[in-house]
Amino acid sequence: MSRLWKFLLSFVIFIAVCCAGLMWFVNFEVKKGLDSAVAEVEGLTLTYTDLSVSIWDRCLSLENVETTLPQGLHLTAEEVRIFSFDQFNHVPHYITTEATGVIFDMIPVNVGNWSMPMQSLNIPTVKGDISLDYRYDPETMTLDLKTLTVKVPELGDAELSGLIDKLDLQLLRVEKLFGLRIGKMNLAFTNHSIVDTLIQGLARGLNISAGDALTQINAELTAMAEYAGRDENQVAENALRGLRRYFNDPGSVTVTANPVEPVPVLYFFMGRDIYDNLRLLNVEIKTDSSEDI
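Bear in mind that the values here come from a model prediction, so they are computed numbers and not experimental data.

Peer 1: Is there a simple way to think about the environment of Asn-258 in this case?
Peer 2: With respect to the helices, strands and loops of the structure, Asn-258 is situated in the loop between strand E10 (252–257) and strand E11 (263–264). A sequence separation of 21 residues divides Asn-258 from Arg-279, and the C-alpha atoms of the two residues are 9.9 Å apart. The contacts of Asn-258, once residues within four sequence positions are left out, are Lys-184, Leu-281 and Asn-282.

Here it is in structure tokens:
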């Protein structure tokens, strides 16, 4: 073997050892920093069986995660991957993360008053994948929700994006939330079984068949759409007809709110009904159904 090949082999071994040492150091330092950050937040607990860091795609991975948030919400996940995270602010100004195998129990501490309805629908637990990507601009006080994706194979897939402004993450208090304004929002949903489950739940509650329950939903939404039409509220009329169409042919649906100006959340507590709110937000509902609106 020539001296050149010996040198190259030695150099490769040297690089491999350096990389291994670097990864050990990074993992050690990240674990120490993560555990320290968790300890500083009152009411937050986080356990995991393994932590690894990829310096190539700058990703932190946690396996077999179990956490309890300060508000009491409890969940577990098979794996959590964090691609970016703001560690300099108490409420992070940006996060890009995804979690797989998330298990979320439908209990009061997790979902509040939704616990009983979900239990009545025979949905005691939800398991799926979640991804979150948002950016906050403190100068404009605007939160850009790039995507919040929830995929539950047994129920459906949802993806939400949009803009919220007048949000002060520096002084996040309940009374300040009334100043929030909703900008353009977009919700895309693909049904797997949740629509059928809702119809069957309504049928059980009314002690009627699922077919009769769907007929009742049709009648109610048709009446509401006609009322909006008589009130010359074309936005609400089309949205309600789109919703009726979706219940009859539940595949994929896109719900878009595109207000002319961002709408203060306070407006929804000022006696407006569903028709006014649909018009105010300029809501549009599009489905993949072949049925006419």
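Having seen it, we continue.
Peer 1: Help me understand a nonpolar patch on the surface, please; the structure alone is not making it clear to me.
Peer 2: Side chains of Leu-266, Tyr-267, Phe-269 and Met-270 sit close together on the surface and give an oily, nonpolar patch of about 420 Å² of accessible area. Note on Leu-266: relative accessible area 41%, which makes it partly exposed.

Peer 1: Whenever I open this one, the nonpolar core confuses me. Can you help?
Peer 2: One recurring pattern in soluble globular proteins: nonpolar side chains tend to sit buried together. Ranked by size, the top nonpolar core spans 34 residues in total, and within it Ile-123, Leu-240 and Val-283 carry the most contacts. Broken down by secondary-structure element, the contributors of at least two residues to this core are strand E9 (181–191), helix H4 (194–206), helix H5 (210–230), helix H6 (234–248), E10, helix H7 (274–281) and strand E12 (283–287). Looking at this core, the element that brings in the most residues is H5, giving 6 residues. Residue contacts for Leu-240: discarding those within four places in its chain leaves Leu-221, Met-224, Ala-225, Tyr-275 and Leu-278.

Peer 1: It is not clear to me how the pairing of E9 should be interpreted in this structure. Could you clarify?
Peer 2: When strand E8 (residues 156–165) meets E9, the two strands line up antiparallel, connected through 9 bridges. Bridging from a neighbouring strand, Glu-159 pairs with Ala-188 of E9. Of the pairings in the sheet, the one linking E9 to E11 comprises 2 bridges and is antiparallel in character. Looking at the pairing, Ile-182 lines up with Val-263 of E11. Alignment of E9 against E10, held across 6 bridges, turns out to be antiparallel. Counterpart to Asn-186 in the pairing with E10 is Thr-256.

Thresholds applied
- Residues numbered from 1 in each chain as written.
- Predicted model: local features only at pLDDT ≥ 70, side-chain atom pairs only at ≥ 80, totals over all residues.
- Heavy atoms only, no water.
- Helix = DSSP H or I, 4+ residues; strand = E, 2+ residues; numbered from the N terminus.
- Contact = heavy atoms within 4.5 Å.
- Patch = residues over 30% accessible without salt bridge, like charges linked within 9 Å, V, L, I, M, F, W, Y side chains within 5 Å.
- Areas by Shrake-Rupley, 256 points an atom, 1.4 Å probe, with all protein chains shown as cover.
- Salt bridge = Lys/Arg side-chain N within 4 Å of Asp/Glu carboxyl O.
- Buried < 20%, exposed > 50% of the residue type's maximum accessible area, 1.4 Å probe, protein only.
- Core = buried A, V, L, I, M, F, W, Y, C linked by side-chain atoms within 4.5 Å.
- Pairing = 2+ DSSP bridges.

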